[in-house]
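Per-entry structural report
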Amino acid sequence: YGDLHTFELQAPTRLIEWARGNRVCVAGYGQSGGNEILQLLPPPSLQVKETQGLCPERDFKVECGGFSNRPVYSLKYVPDTSLLVTSGPPDSSLQVWQVSAEDSDVIKPVSAIPTESDTGQSWAKIATISARAPWVLHGSRLNSVQITEVESRKNIYMAAARNSEELSGLAFLDCNTLLLCSAKGQLCLADIRQPQSPLEAASVPSAPCGERWCMGVGRGPQGSDSSPRPVARLSSGGHLTLTDVRKISESLASAKCRVPSPSSGAEFLCVSWAPALESCLAVSGFDGTVHVYDAQSWDGSGREAEPIFVHKGHAFGGSDSSGGPPSVTTHTWHPQKARTLLSAASDGSLHVWDWVQPGGNC
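Worth saying up front: this structure is predicted, and the values here are computed from it rather than measured.

**Some details on the nonpolar core**
Burial of nonpolar side chains together is a common tendency in soluble globular proteins. Ranked by internal contacts, the top residues of the largest apolar core, which has 20 residues, are L137, I147, Y157, F172, L178, L180 and L199. The set of elements that each furnish at least two residues to this core consists of β10 (125-129), β11 (135-139), β14 (167-172), β15 (177-182) and β16 (187-191). With sequence-adjacent residues up to four places away left out, L199 is seen in contact with L142, Y157, A159, A160, A161, L180, C188, L189 and A190. Among the nonpolar cores identified, the runner-up in size contains 19 residues, and A232, L234, A255 and V283 belong to it.

**Quick word on the packing of aromatic side chains**
Taken as a whole and assessed by the stated rule, the structure comprises 8 aromatic pairs. With 5.7 Å between their ring centres and 20° between their planes, F309 and W355 make a pair best called stacked. Of this pair, F309 sits in strand β24 (residues 309-311) while W355 sits in the segment after β27 (349-354), and the two are 46 residues apart along the sequence. F309 gets classed as buried once you look at its relative accessible area, which sits at 15%. Among the aromatic side chains, those forming a connected cluster through ring pairs are Y1, F309, W333, W353 and W355. It is R14 that lies over the ring of Y29; its NZ or CZ is 6.0 Å from the centre. One cation-aromatic arrangement involves R339 over W355; the distance from NZ or CZ to the ring centre is 5.4 Å.

**Digging into empty space enclosed by the protein**
Applying the stated criterion across every chain, the model contains 2 cavities of 30 Å³ or more. L9, Q10, A11, P12, T13, V26, A27, G28, E36 and L38 are the residues that line the largest cavity. For the lining of the largest cavity, the elements supplying multiple residues, two or more each, are β3 (24-28) and β4 (35-41). With 3 residues, β3 is the single largest residue contributor to the lining of the largest cavity. Looking at side-chain class alone, the lining of the largest cavity contains 6 nonpolar, 3 polar and 1 charged residues. Lining the second largest cavity are C257, R258, V259, P260, V283, S284, G285, F286, D287, T289, H291 and Y293. Listed by contribution, the elements that provide at least two residues to the lining of the second largest cavity are β22 (280-284) and β23 (290-294). By residue class, the composition of the lining of the second largest cavity is 6 nonpolar, 4 polar and 2 charged.

About the cut-offs
- Residues numbered from 1 in each chain as written.
- Predicted model: local features only at pLDDT ≥ 70, side-chain atom pairs only at ≥ 80, totals over all residues.
- Heavy atoms only, no water.
- Core = buried A, V, L, I, M, F, W, Y, C linked by side-chain atoms within 4.5 Å.
- Buried < 20%, exposed > 50% of the residue type's maximum accessible area, 1.4 Å probe, protein only.
- Helix = DSSP H or I, 4+ residues; strand = E, 2+ residues; numbered from the N terminus.
- Contact = heavy atoms within 4.5 Å.
- Phe/Tyr/Trp six-rings, centres within 6.5 Å; stacked < 30°, edge-to-face > 60°.
- Lys NZ or Arg CZ within 6 Å of the ring centre and 35° of its normal.
- 1 Å grid on protein atoms, 1.4 Å probe; cavity = no way out; pocket = protein on both sides within 12 Å on 5 of 7 lines; lining within 4 Å.
- Points joined across faces, edges and corners; volume = space filled by probe spheres on them.
- Nonpolar A, V, L, I, M, F, W, Y, C, P; charged D, E, K, R; others polar.

Here you go:
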């Protein structure tokens, strides 16, 4: 390791979100009421652009917090605001939170965004943007995707989809273009300027049946916001498929993750591209580890890929609430520090770490 920090949360979290000023937001996902939503100030070593040796303070600090009376399965910071949006069971409605000013340490609920005809639908996946106004993209199924203006709760867009497959993820590619991923691995592109155009789903080429999938969208070359942008899809069986958003029906490359055994579900599956390292991605959700891969040499064979680094810190922690070994619930890359990642596990542990990799593109 180049560096490693650990922090113990009061309850396990399944999400990590970067907020303004490089703050970190986390939230609990327990089924009972009183799930914490916290904004953490990272250790000083993570707040400087260059490594400056040892820092006397190596822990996270809680800046402010609040409580949610429902499990928080997804949390997104609304750019250029002091607002957070969360979602979680038992329905697909959204909750909007105000991160209080400097003279207060409270994160308080300010409004809720209901959804039409959400009976029987699962919790909503969410993405946010502030290109024109603070918007939230949300939905639990392909035919329930919509964009809502956060502050006015005005509906901006409703997808015209005949497909009612469950959603596993969604993202803004820009202020006009959306990318959706179903639990079966189907990708859909949508343009909000053409709300009446039906969404066409492109399936994963040569994908094994019965597996659940998640999606991670990368940046363009040198951090450009324009196309091409890589998309990685990860299955509960450990299969990875890479796609270009310009040709979502075609596979650029595929590989098999080195996982101990296929996941029985997809509750914690997570794949993400490094924002500052070309062709590097991280995978978690199968056990107590996070794997980092360099995808540059991958082809279409689907053979097992060798990770360039494996973070095993959570696996050596205590047991989780079920008495078993902890599982990594989520991970995310630091937005500026190329090799630095944050990961959380089902035992309430939060780790921030980077690694030393001699040679190689990553």
